[in-house]
Amino acid sequence: MSDHRSIAGKAPRPDQHIPLVVVGAGAAGVAAAVEAARAGVEVLLVDEHPVDNDMMAMDVPLCFGQRMDATVRNRAAMLERVVETNPALATAHDAGVDVQLGTYVWGAFVNSATVQELPAPMLGLADDRRSWLVSFDRLVVAAGARDVLLGFPGWERAGTLGANGAAALLMRYRALAARRLLVIGSGVLGLHTAALALEHGVEIAGVVEVEAHLRGEASEAKRLAERGVPFFTAHTIREARGRTGEIESIVLVGVDEAGTPVRGSEREIACDAVCMAVGLVPSVELLHLVGARLVFVAALGGWVPEVDAWNRTSVASVFAAGDCAGAHDGMLRAPDVAREQGRVAGLAAAVSLGALDRGQAEARRGVRAPLSPASSEMQSYWQAWLRTQIEAGGWEVNVCQCEEVTRRKLIETKPPRYLKWESPQMSARDVGTLLRDGPINQDQIKRLTRAGMGPCQSRRCREQVGLLLAQAAGTTLDRIPLPTFRPPIRPLPLNVLWPADEPAAMREDWVSWFGIPTQFSPHWTAGMAVDEPTAHARLILSEE
Amino acid sequence: MTSGAAVVIVGGGVTGLSAGWWLARAGVDVLVLDKSIVGWEASGRNGGGATHVGSPFGLEEQRLWPQMDELLGYPTEYQPHRIGIALSEPQLALARRWAEIGESRGFRWEPLDRRQLKELVPIVGDEAIGGTYLHFGGHANPQRTVQAYAWALADHGGRILQHTTVTGLVRRGGRVTAVETTRGTFGADVVVVAAGPQTGLFAEMLGVALPLAPARVEMIATEPIPLMGVGGVAGNGLYGRQTLRGNLVYGGGPHEWINVPDMTTPEHANTPLVRNLARRLAELFPGAAHVRVIRAWSGLVENTPDGLPVVERLSNPDNVVIATMSSVGFGLSPAVGRAISELVQHGRCSFADLGALALSRFAGTPPDWRERAGWVARPAEVAAAGGDG
Ligand SMILES: Cc1cc2nc3c(=O)[nH]c(=O)nc-3n(C[C@H](O)[C@H](O)[C@H](O)COP(=O)(O)OP(=O)(O)OC[C@H]3O[C@@H](n4cnc5c(N)ncnc54)[C@H](O)[C@@H]3O)c2cc1C
């Protein structure tokens, strides 16, 4: 007998099969796609840009800080724009790669210990109107990196961007609606962002550094200084000011050697945007979903996939390249590295599909540049910023904007405000009491405080929450287990995510809960069993 | 021996935690052991539904939930009442069935026509043909409830040890005298096994046949939308609720039978089923079809052949209580915890007849019952994505 209420035999089939899917059309992804296509592999290259305006307004996938100009509403124009601003796409197209832009990858599904019914490993794709499934033999993830954001009073206002968000608006969309930008962080990322903005005609109100000295390259800093960019070392952010909902200035405050704000050293800098450029974290969502082993490597920006010399992850059919395999200053200093990693992954995928032999791949790979240039660990630098920002801005700053969870509420593990809950017992609880029961777990604290539970899917607060918890627990970020990622990794409307049609069995055999007739029948009378509804309408409404 | 307690509870889900809380408030020295963090399994991943009036624990479930916040001292987000929505005649018949079961236990309900439905639930569409308003039942927030039990238990002097896997039971003279764990051996006068899908493995250690089939089920959650007057709204083959924050959180549809061969719980993954869930939710609430799905998850539950819990103090060894909730354990947890605490202390339950939940009902269940019922996992292949083509 078989259980027609179970998934057996009716797991969704993919709409399309592609031997190699590459996710992300940055330097690494395009290079991977081109190498594999040149070796004769059929390749699909997907990238979500241009993302639709509503998504951008939610700071998904990057922190755009509401500083998109009106042109982003014109989808057709934006599509042209992202093609035009990424010449490598033309190369990919010429190499025979199927390039799909404006396409989100929102899920990755593979069989595992509790999932055995999938006919093949697949990705969930979507555009603004519909979603579909694509199965693959090999996958290259080149999903890039996200910005680390650290809040301050007023950071909810329009005008708080991340460096990658700003770079996307400047370079891919040419749609940054900011005239005067203050850059936070003087590492390679900060200086690079400042230079980029200047190039695109955006004025730089200054570069702020919490440490006593600039972190980035002296030559770059000198060039910026020559163009009139002021530097504020040993300073931190105190607050953003402006009309309702807008940033019109940022108040900085000097910090002493111990990182304590110096009274009277405040200065107000006029600007309509502030760009957090303190660091990047690899976008490992998809890698996590396919079950690739992730390890915390401080010098690579945190959680990264374990990869071999051919950029193959612990899941043999999945490769990772570019910033999602390690994002740090070194990558910015050596832009070719991401491309090389991509090429290597593309070649390796082609070899594993039998399109190339190992010798050919070795030959095409050429001289081996170090695939991941040395860099220093960033977490203590982020902590330094965060500590001064707490001292300057206090504990009532929202760490999670979506759910309005303040630093204080987070550390006190308080239930959300809308519950209006008070009890002596609750007042006695905080992160400290949880710590007595075992090591810090970010998912558990998220469940209690709701930090990270909002529509931006914790893009703006994941690292801040981790850093704050690490501080409270007297530990470091690497000791806090990776908070889980779940599909959809992009917030998609119900009527986009839904399948246009479903197999008849899926509809007819659908029950809310198992469909065991005795499960909900009243125990006192056997005759009152909650019957299975008859054949054509097997829908059980239940209240488990 | 490391240490121990009068009562050692294996499993920090709602069943074990509620039992531990009831025991601790009765002044009993209790220790809860969990291999992970409290509520990490089904107890923190369910629909939060608390409407099981057909269960032997049903009346106690209904009596206790409205008091739980106060009894525990922490919020569970419990909300009373349920609305059932039907998009078809069979769905309406089923919704009424639920209502009538409640009525036969003395609870009130009334039918709703489309207009009344739309007033109560503005996001329903013209497809809705009618529904039911139950002046009973309700729902709570599972994650908050788990932590409330855990904290309240500790407030009463109970102890919880997380990241501690129980690996064996020490037997001496017809009794279990201790549990062996990855962090030492803990002595006990009484042991409660409330280990979810792993409960079967413990039964096996004791030579008791407990037929259990584990399965994986999925849910989705949307971004918040304005609060409706009653959050406990479901239908169209979905269970779930609108949370007090405003998110629509719903599950349903096909389950996947799985194997849980040892004490390590496998990863809970999602599948493209999340799309089918999205479709049913948009059908149920056309007025919310544009709302964004921001999360999905899955959880593991265990089912007995008749879908009913097993809650029993064994006769041999006579100091062990076994409790598996057969996939309906969240709502029943306040009542079941109380029952377990009574079984531990007095050997019997004063407020419910546990006859229907006795192990003896499976005396004739053949060992290959899962195969016969078709409740089997597909034989594990090398995960396709791990294969080297
Ligand atoms: C998606 C979903 C929706 C659901 N919806 C509802 C609903 O709406 N209403 C309802 O009433 N029920 C619902 N359920 C069912 C309900 O969640 C479960 O029946 C209930 O949580 C069971 O609780 P438990 O404590 O018995 O088991 P579990 O929650 O499974 O807890 C068992 C615990 O034991 C621990 N453990 C196991 N083995 C060991 C060991 N060897 N050593 C130490 N610890 C061990 C585990 O880590 C786990 O924490 C749903 C379940 C799911 C997954």
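Structure shown above.
Here we summarise the structure given alongside this text. Here the structure is a predicted model, which means the values were calculated and not measured.

**Things to note about the sheet that holds strand β3 (residues 79-86) of chain B**
Residue and element names in this part refer to chain B.
Then step 1. In spatial order, the strands read β4-β5-β3-β11; together these four strands make up an open sheet with mixed pairing. Of all strands in the sheet, those bounded by a partner on one side alone are β4 (109-112) and β11 (233-235). Strand-to-strand twist of the sheet, defined as the mean angle between neighbouring strand axes without regard to direction, takes the value 30°.
Then step 2. By the bridge criterion, seven bridges tie β3 to strand β5 (residues 130-139) in an arrangement that is antiparallel. Pairing of G84 across the sheet is with T132, part of β5.
Then step 3. Together, β3, β4 and β5 form the strand contacts of helix α4 (residues 89-104), whose direction differs from that of β5 by roughly 40°.

**Some remarks on the interface of chain A and chain B**
Then step 1. Counting residues at the interface gives 104 residues for chain A, matched by 117 residues for chain B.
Then step 2. Summing both partners gives a buried area of about 9700 Å² for chain A against chain B, and 59% of it is carried by carbon and sulfur.
Then step 3. Linking chain A to chain B there are seven salt bridges.
Then step 4. The salt bridge involving R429 of chain A is made with D155 of chain B; its shortest N-O contact spans 2.7 Å.
Then step 5. One can count 46 residue pairs in polar contact (both at pLDDT 80 or more) joining chain A with chain B.
Then step 6. Sheet analysis places strand β22 (residues 492-493) of chain A next to strand β15 (residues 292-303) of chain B, joined by two bridges and oriented antiparallel. Each bridged residue has a counterpart across the sheet, and for L492 of chain A the counterpart in β15 of chain B is V293 of chain B.

**Here's the deal with the environment of N141 of chain B**
All names here are of chain B.
Then step 1. Examined against the element boundaries, N141 turns out to sit in the loop between β5 and α6 (142-155).
Then step 2. By relative accessible area, N141 is classed as buried at 7%.
Then step 3. Apart from the residues within four sequence positions on either side, N141 is in contact with T76, E77, R241 and F330.
Then step 4. Here the side chain of N141 touches Q143 through a polar contact of 2.9 Å, landing on its backbone nitrogen.
Then step 5. Within the structure, N141 has its side chain in polar contact with the backbone nitrogen of R144 (distance 3.1 Å).

**Concerning the packing of helix α1 (residues 27-38) of chain A against helix α10 (residues 336-352) of chain A**
Residues and elements named next belong to chain A.
Then step 1. Packing of α1 against α10 leaves a shortest axis separation of 7 Å and a crossing angle of 35°. Here α1 runs over α10; the crossing is right-handed. Contacts between α1 and α10 pair A27, A28, A31, A32, E35 and A36 from the former with A338, R339, G342, R343, G346, L347 and A350 from the latter.
Then step 2. For the contact of α1 with α10, the per-class residue count stands at eight nonpolar, two polar and three charged.

**A few points about helix α8 (residues 273-284) of chain B**
Residues and elements named next belong to chain B.
Then step 1. End to end, α8 covers 17 Å across twelve residues, agreeing with the expected 16 Å (1.5 Å per residue, within 8%).
Then step 2. Most of α8 is tucked away: twelve of the twelve residues are buried.
Then step 3. Within α8, the full set of buried residues consists of L273, V274, R275, N276, L277, A278, R279, R280, L281, A282, E283 and L284.

**Focus: the packing of aromatic side chains**
Then step 1. Counted by the stated rule, this structure contains 17 aromatic pairs over all chains.
Then step 2. With a centroid separation of 5.7 Å and 65° between ring planes, the pair formed by W106 of chain A and F109 of chain A is classed as edge-to-face.
Then step 3. Its relative accessible area of 0% is what places W106 of chain A among the buried residues.
Then step 4. Ring plane angle 85° and centroid distance 5.1 Å describe the contact between W513 of chain A and F514 of chain A, whose orientation is recorded as edge-to-face. F514 of chain A matches W513 of chain A in its accessibility class, with the two residues each being buried.
Then step 5. Taken together, W513 and F514 of chain A together with Y239, W257, W369 and W375 of chain B form an aromatic cluster joined through their ring pairs.

The rules behind each value
- Residues numbered from 1 in each chain as written.
- Chains lettered and ligands numbered in written order.
- Predicted model: local features only at pLDDT ≥ 70, side-chain atom pairs only at ≥ 80, totals over all residues.
- Heavy atoms only, no water.
- Pairing = 2+ DSSP bridges.
- Helix = DSSP H or I, 4+ residues; strand = E, 2+ residues; numbered from the N terminus.
- Axes fitted to C-alpha atoms, helices over the stretch in contact; angles between N-to-C directions.
- Contact = heavy atoms within 4.5 Å.
- Buried area = accessible area lost by both parts, 1.4 Å probe.
- Salt bridge = Lys/Arg side-chain N within 4 Å of Asp/Glu carboxyl O.
- Polar contact = N/O pair within 3.5 Å; in protein donor to acceptor, adjacent residues only side chain to side chain.
- Buried < 20%, exposed > 50% of the residue type's maximum accessible area, 1.4 Å probe, protein only.
- Left-handed = near helix turned anticlockwise from the far one by under 90°.
- Nonpolar A, V, L, I, M, F, W, Y, C, P; charged D, E, K, R; others polar.
- Expected span 1.5 Å × (residues − 1).
- Phe/Tyr/Trp six-rings, centres within 6.5 Å; stacked < 30°, edge-to-face > 60°.

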